[in-house]
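Report on the structure
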Amino acid sequence: MGGPEWVTAVNLIIWTGLVLWISRLDRKIRDLERER
Amino acid sequence: MSSSWAAEAAAVFVKDWRCELRTRHAVATLALFALTTLLVASLVLGPIGNDAEMSRRVVPVLVWLIVLFAAAAGLPRAFVHEEESRTAIALRLAARPSAVFAGKLVHIATLVAAIEAIVAPLAVALFDLRVAAAAELVAALAAGGLAIAAATTLLAAIVAQGRGASTLFAVLALPVLLPALALAVAATRVALTGVAEGNLLTLLLLYDGSVVVAGFLLFPAIWNP
Amino acid sequence: MKRLLALSLWLWMAVVIWAAFHWAPLAAGFKGESSRILFFHVPVAWVSFVAFMTAGVESVLYLAGRRDPRHDRSAAAAVELGQVFAVLATVTGAIWARIMWGSYWNWDPRQSAIVVTMLYYAAYLALRQAIADGPSRARLSAAYAVLGLVVSPFLYFVLPRLGFSLHPEPVINAAGKLEVESRMLAVLTASSLGFTVLFYWLHALRRRLGAVAARRDEGVE
């Protein structure tokens, strides 16, 4: 197991990925709302 | 409405008991399940009241499992027969929702009290229990019984509307009853051993009160589409 | 959610993550670095409670008002997300339990309580599945969610305190004094805030998706 830097980095990568994914979902839903 | 709220509630209560005494369906189911499980437990365990450790650890939860099991088997149909026999419409016209709830709540509470009145003395006799504080035991049984009655009345109404089976009732009821039963089991243990464990009955009664109030507030919405 | 808000949330939690591992001290009585998990475990558990309370409030608004289906969709969305966060709380708790006491599960009152909570709201979702008619489904599940406003506080705050608990003393004890060192509290609060905003973002998305689906169903009919 790596030190705190390694754990922090992993968490940041996961968090960034999560935010990007949710942002994409947001955009998709906005498109669905617009087409109706 | 010319009749008073109390009169309407009393009328619902009387009607439910009259129906019950005619068919004896719920009472029979409750008694059957309670006595069967009690006797099986007694057969297997014997007079465990002699053993202080068993008294403390096993007996309280055993008593409440028996009561719960019997209630879950015999009570959920409280509203179903109403819907099936089409008397529900007449009932909606004849009484206010809160009066219907009150009448049914007291009816179910008396049914639960009846099971406990059978199970408790028999358990004391069969298991040879030493009861340190009889008043505490009665209080625990009453408070726990009220929780079962209040939750059952409310949830049975929900399930009856939703065309659900009694399996749905069990699914809905377990999480609601678990906190109450945990408290009731602990309170029963206190009554048997005489060793205090904090303000369990107070918390249990608080829970009961909250569920009853929630029931009164929610029943009109459940009862009237 | 606006681009700026999303960016702010990302930045906020990025700082929280850094602070959790580099700035906040370790808690006394915890094995090694394991107390760091608190900064994720506690907020996530808290957010599940917030979610279930939101479902209860939306259900009250549904029943007491004009029976607006938007409140119903909001309640259902909140419950679904509440379950997700409850699962996260359970998992992070179990990991930490493994580190601290050697086993993932102890049926400690707090672990048991979160399981019962998940059963409660699984029952909510089961109830919704069992009713075909929209308004009836909304009305009856709303009643159950409102009952949840009574049951949940008992499960989250009363039940865990009964009897022996392996869980450490709650952050704010009976006397109201703060047992936790101020830096830890700061990170804990900041993390809770971030997760709460994250919940409301996801909640809004789930609500809006439900609205689109509902409009689509209406169109078909």
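These remarks concern the structure in this document. Within any chain, residue numbers begin from 1 and follow the written order of that chain's sequence. Here chains are named by letter from A upward and ligands by number from 1 upward, in the order in which they appear as written. With the structure being a predicted model, the display of local features is reserved for residues of pLDDT at least 70 and the display and counting of side-chain atom pairs for 80 or more, all residues being used for whole-chain, interface and lining totals. Side-chain descriptors were evaluated using all non-hydrogen atoms of the structure, hydrogens and water having been removed beforehand.

Residues and elements named next belong to chain C. Elements are defined by DSSP. Helices are runs of H or I of four residues or more, strands are runs of E of two residues or more, and each kind is numbered from the N terminus. Mapped onto the elements, Ile95 comes out in helix α3 (residues 69–101). With ten residues separating them in the primary sequence, Ile95 and Trp105 have C-alpha atoms 9.2 Å apart. With sequence-adjacent residues up to four places away left out, Ile95 is seen in contact with Ile37 and Tyr104. Note on contacts: a residue pair qualifies if any of its non-hydrogen atoms lie within 4.5 Å across the two residues.

A contiguous patch of positive charge, built from Arg24(A), Arg27(A), Lys28(A) and Arg3(C), is present on the exposed surface. Tallying contributions element by element places helix α1 (residues 4–35) of chain A first for the positive patch, with three residues. Structurally, the position occupied by Arg27(A) is in helix α1. When a residue's accessible area, from a 1.4 Å probe over protein chains only, is under 20% of the maximum for its type it is buried; when over 50% it is exposed; and in between it is partly exposed. What makes Arg27(A) partly exposed here is its relative accessible area of 41%. To count toward a patch, a residue needs a relative accessible area above 30% and no salt bridge. Like charges then connect within 9 Å, nonpolar side chains (Val, Leu, Ile, Met, Phe, Trp, Tyr) within 5 Å. Every accessible area reported is derived by Shrake-Rupley at a probe size of 1.4 Å, with residue values counting cover from the shown protein chains alone. Salt-bridge detection follows one rule: a side-chain nitrogen of Lys or Arg within 4 Å of a carboxyl oxygen of Asp or Glu. When charges are tallied, Lys and Arg are placed among the positive residues and Asp and Glu among the negative ones, while His and the ends of the chain are skipped. Think of each charge as sitting on NZ of Lys, CZ of Arg, CG of Asp or CD of Glu.

Residues and elements named next belong to chain B. Even without being glycine, Arg24 reaches a positive phi, approximately 55°. Note that Arg24 resides in the loop between α1 (5–23) and α2 (25–45). Look at Asp128: it is not a glycine, yet its phi comes out positive at around 55°. Within the secondary structure, Asp128 is located in the loop between α7 (97–127) and α8 (134–161). Residue Asp128 is classed as partly exposed on the basis of its relative accessible area, which comes to 30%.

What follows deals with the pattern of salt bridges. Residue and element names in this part refer to chain B. Taken as a whole and judged by the stated rule, the model has 13 salt bridges over all chains. Of the charged contacts, one joins Glu8 and Arg96 as a salt bridge, the two residues approaching to 3.2 Å between their closest N and O atoms. Placement of Glu8 in helix α1 and of Arg96 in the loop between α6 (87–94) and α7 is noted, with a sequence separation of 88 residues between them. Judged by its relative accessible area of 4%, Glu8 falls in the buried class. Judged by relative accessible area, which is 30%, Arg96 ranks as partly exposed.

Looking now at the environment of Ala77(C). All names here are of chain C. Relative to the elements of secondary structure, Ala77 occurs in helix α3. Assessed through its relative accessible area of 2%, Ala77 is described here as buried. Here Ala77 is in contact with His203, Arg206 and Arg207, once residues within four sequence places are set aside.

By themselves, these are just geometric observations and shouldn't be taken as functional.
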